[in-house]
Amino acid sequence: MVAPGSVTSRLGSVFPFLLVLVDLQYEGAECGVNADVEKHLELGKKLLAAGQLADALSQFHAAVDGDPDNYIAYYRRATVFLAMGKSKAALPDLTKVIQLKMDFTAARLQRGHLLLKQGKLDEAEDDFKKVLKSNPSENEEKEAQSQLIKSDEMQRLRSQALNAFGSGDYTAAIAFLDKILEVCVWDAELRELRAECFIKEGEPRKAISDLKAASKLKNDNTEAFYKISTLYYQLGDHELSLSEVRECLKLDQDHKRCFAHYKQVKKLNKLIESAEELIRDGRYTDATSKYESVMKTEPSIAEYTVRSKERICHCFSKDEKPVEAIRVCSEVLQMEPDNVNALKDRAEAYLIEEMYDEAVSLLHHQGTRSALSLLVPCFVLVLVLREIQCLLVFLWPWFLQPSLAIQDYETAQEHNENDQQIREGLEKAQRLLKQSQKRDYYKILGVKRNAKKQEIIKAYRKLALQWHPDNFQNEEEKKKAEKKFIDIAAAKEVLSDPEMRKKFDDGEDPLDAESQQGGGGNPFHRSWNSWQGFNPFSSGGPFRFKFHFN
């Protein structure tokens, strides 16, 4: 059952039919209807008035079956079809009404409306002219004249659209077609023509919209499905392309172009699905190989190259290959500067590569050179205070420069403010940047942030052996070595302890009193004497090593 409220708007569009139905109560005798048919017609009319369209349609079906020559039954059924938005089904019934009763102007006028919407302008004009010749009512005459004028205008616009298209003026053709399709909304051929204009003008998504409408308006429209599929494919939407080309093959399984295109899309789709499954499984190297195959499979469409590189960038970043990730992500960002995924993955790579302070270091180096080149003039021309001011003028900018990782996160955040991953990454990068300006235990040991514990212990032993204070005789060198040795021991202490290392990786120095809330201070801020007897080469295992120094 259909609720009355849901069909109010539809009934409004067929209000003229309802007026006609009121008059048809006197037409029964003229049609010679039998009792059963009359019963179906009356019940159907009541159901139609109540908005119960499906039930009304059943009654009118029964009336048509009971009396195939009853024009009232056909007309009322057409009324229901129109109320349900099924104009294709209504048109044959209206034609049958006109065949049975040539002077039924209401049916002819309504058929003219439908033909006009379908773009069948000559047929529509013929109906409107016959209405004017059949002694119509005042309202019918007025409506027929109005529609004739409109049809004539559509003929003129169509001619202009075709001329513009033929001369290559696609913008003008689109403008003409826009006006025609406001009236001829069901004209599949005009929609296909406008789709061609959109393609020529580089607006494929608008073309897809028109072609989808055309595929519904014209039966077995394999050409429309083929074009939609190829357009989606060129846009990089391989899944929708595959779906549309399958629709083409459902209509004609031997369609040569659809079948050839289907094989190409299916091959590419399979590669991409396989690559994404590998990414979900954490097999980033294999996924990278698959996406490289995607680029080889479809080298002529730039969209697949960009999307493949975007995913390869992601794989390198997740696989902790920062150099490769930065290179590929940068290639993507050259083509798409606002690509949020590439920005996030490159930012992650910068963090892995410890480049959160590279911009600062670079600008520091350049700023210092610039400042030094102008120091002499400053010393000559002004007092010491003025000299310091000169230094600050040139050195201050690099203190304000954000890191490369922070830059990428901030750019990504501009395009996606609600992304939690971006927000967390930005906060982490800011903590690490602040941390890098203090003591960096990874740099002290000379290891990467993703270094394993074994690598950390190995680096620690090597440096502890190199910087042991007993190696130095000069007092100044010995003091320097003592400080260095303490830093090395502190680095080993933090990075070899999972909990302390996690704190440090999150931007908090577990040995820095300033970063501890209520902490007792840095346990490594003590003299060299406190380390006497400490075996720096013990890894906590069953082995002990002794070193003798001259």
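Quick caveat: nothing in here was measured; it's all calculated off a predicted structure. (Residues numbered from 1 in each chain as written. Predicted model: local features only at pLDDT ≥ 70, side-chain atom pairs only at ≥ 80, totals over all residues. Heavy atoms only, no water.)

*Asks:* Looking at this model, I keep getting lost on the overall build of the chain. Mind explaining?
*Replies:* Scanning the chain from terminus to terminus reveals 29 helices and 0 strands. Within the chain, the proportion of its 550 residues that are buried is 46%. When contacts within the chain are restricted to residue pairs at least 6 apart in sequence, long-range pairs at least 24 apart make up 57% of them. As presented, the chain carries roughly 30200 Å² of accessible surface, and 51% of it is formed by carbon and sulfur atoms. (Helix = DSSP H or I, 4+ residues; strand = E, 2+ residues; numbered from the N terminus. Buried < 20%, exposed > 50% of the residue type's maximum accessible area, 1.4 Å probe, protein only. Contact = heavy atoms within 4.5 Å. Areas by Shrake-Rupley, 256 points an atom, 1.4 Å probe, with all protein chains shown as cover.)

*Asks:* What's the story with the state of the cysteines in this structure? I'm lost.
*Replies:* Throughout this description, disulfide means a covalent bond between two cysteine sulfur atoms. In the structure shown here, the tally under the stated rule is 2 disulfides. With no disulfide partner, C315 has as its closest neighbouring cysteine sulfur the one in C313, 8.9 Å distant. (Disulfide = S-S within 2.5 Å.)

*Asks:* Is there a simple way to think about the nonpolar core in this case?
*Replies:* Generally speaking, a soluble globular protein has its nonpolar side chains buried in company with each other. Counting 62 residues, the largest nonpolar core has V80 and I180 as its most contacted members. Sorting elements by how many residues they give to this core places helix α6 (residues 71-83) first, with 10 residues. Those residues in contact with I180, other than ones at most four positions away along the chain, are M154, L157, R158, A161 and L190. (Core = buried A, V, L, I, M, F, W, Y, C linked by side-chain atoms within 4.5 Å.)

*Asks:* What is the right way to read helix α29 (residues 498-505) from this model?
*Replies:* Working note: α-helix, 3.6 residues per turn, so residues spaced by three or four point in the same direction. Turning to α29, its buried residues are M500, R501 and F504. Buried positions in α29, seen along its axis, are confined to an arc of 100° and lie on one side of it. Along α29, the residues that are exposed and aim more than 90 degrees away from the buried face are P498, E499 and K502. With a side-chain oxygen lying 3.1 Å from the backbone nitrogen of E499, the N-terminal cap of α29 falls on D497. (Arc of directions from axis to C-beta. Polar contact = N/O pair within 3.5 Å; in protein donor to acceptor, adjacent residues only side chain to side chain.)

*Asks:* How do you make sense of helix α17 (residues 284-297) when you look at a structure like this?
*Replies:* A rise of 1.5 Å per residue sets the reference length of α17, with its 14 residues, at 20 Å; its end C-alpha atoms lie 20 Å apart and thus fit the reference within 8%. Of the residues making up α17, those classed as buried are Y284, A287, T288, Y291, V294, M295 and T297. Residues of α17 that are buried sit in contact with α16 (256-280) and α18 (302-318). (Expected span 1.5 Å × (residues − 1).)

*Asks:* What am I meant to see in the environment of T95 here?
*Replies:* Within the secondary structure layout, T95 lies in helix α7 (residues 87-100). Taking the C-alpha atoms as reference points, T95 and Y75, separated by 20 residues in sequence, lie 9.4 Å from one another.

*Asks:* Help me understand the packing of helix α11 (residues 170-183) against helix α12 (residues 188-200), please; the structure alone is not making it clear to me.
*Replies:* Two quantities define a packed helix pair, namely the angle between the helix axes and the distance between the axes. In the contact formed by α11 and α12, the axes pass within 9 Å of each other and the chain directions differ by 150°. With respect to α12, the axis of α11 lies roughly antiparallel. For the pair α11 and α12, the sense of crossing is left-handed. Contacts between α11 and α12 involve Y170, A173, I174, L177, D178, I180 and L181 from the first element and L190, R191, L193, R194, C197, F198 and K200 from the second. Its residues placed into classes, the contact of α11 with α12 shows 10 nonpolar, no polar and 4 charged. (Axes fitted to C-alpha atoms, helices over the stretch in contact; angles between N-to-C directions. Parallel < 35°, antiparallel > 145°, perpendicular 65-115°, else oblique. Left-handed = near helix turned anticlockwise from the far one by under 90°. Nonpolar A, V, L, I, M, F, W, Y, C, P; charged D, E, K, R; others polar.)

*Asks:* Quick question: what am I supposed to make of the side chain of D210 here?
*Replies:* With respect to the element layout, D210 can be found in helix α13 (residues 204-217). Taking relative accessible area as the criterion, D210 reaches 3% and is therefore assigned buried. Non-local contacts of D210, meaning those with residues more than four positions away in its chain, are made with R191, R194, A195 and F198.

*Asks:* So what exactly am I meant to see when it comes to a negative patch on the surface here?
*Replies:* There is a patch of like negative charges on the surface, built from E239, E273, E277 and D281. By secondary structure assignment, the location of E239 is in helix α15 (residues 238-251). (Patch = residues over 30% accessible without salt bridge, like charges linked within 9 Å, V, L, I, M, F, W, Y side chains within 5 Å. Salt bridge = Lys/Arg side-chain N within 4 Å of Asp/Glu carboxyl O. Lys, Arg positive; Asp, Glu negative; His and termini not counted. Charge placed at Lys NZ, Arg CZ, Asp CG, Glu CD.)

*Asks:* Would you take a moment to explain the packing of helix α4 (residues 35-49) against helix α5 (residues 53-66) for this structure?
*Replies:* Running from N to C, α4 and α5 cross one another at 160°; their axes reach a closest spacing of 8 Å. The orientation of α4 relative to α5 falls into the category roughly antiparallel. With respect to the hand of their crossing, α4 and α5 are arranged in left-handed fashion. Side by side, α4 and α5 meet where V37, H40, L41, L43, G44, K45, L47 and L48 of the first sit next to L53, D55, A56, Q59, F60, A62, A63 and G66 of the second.

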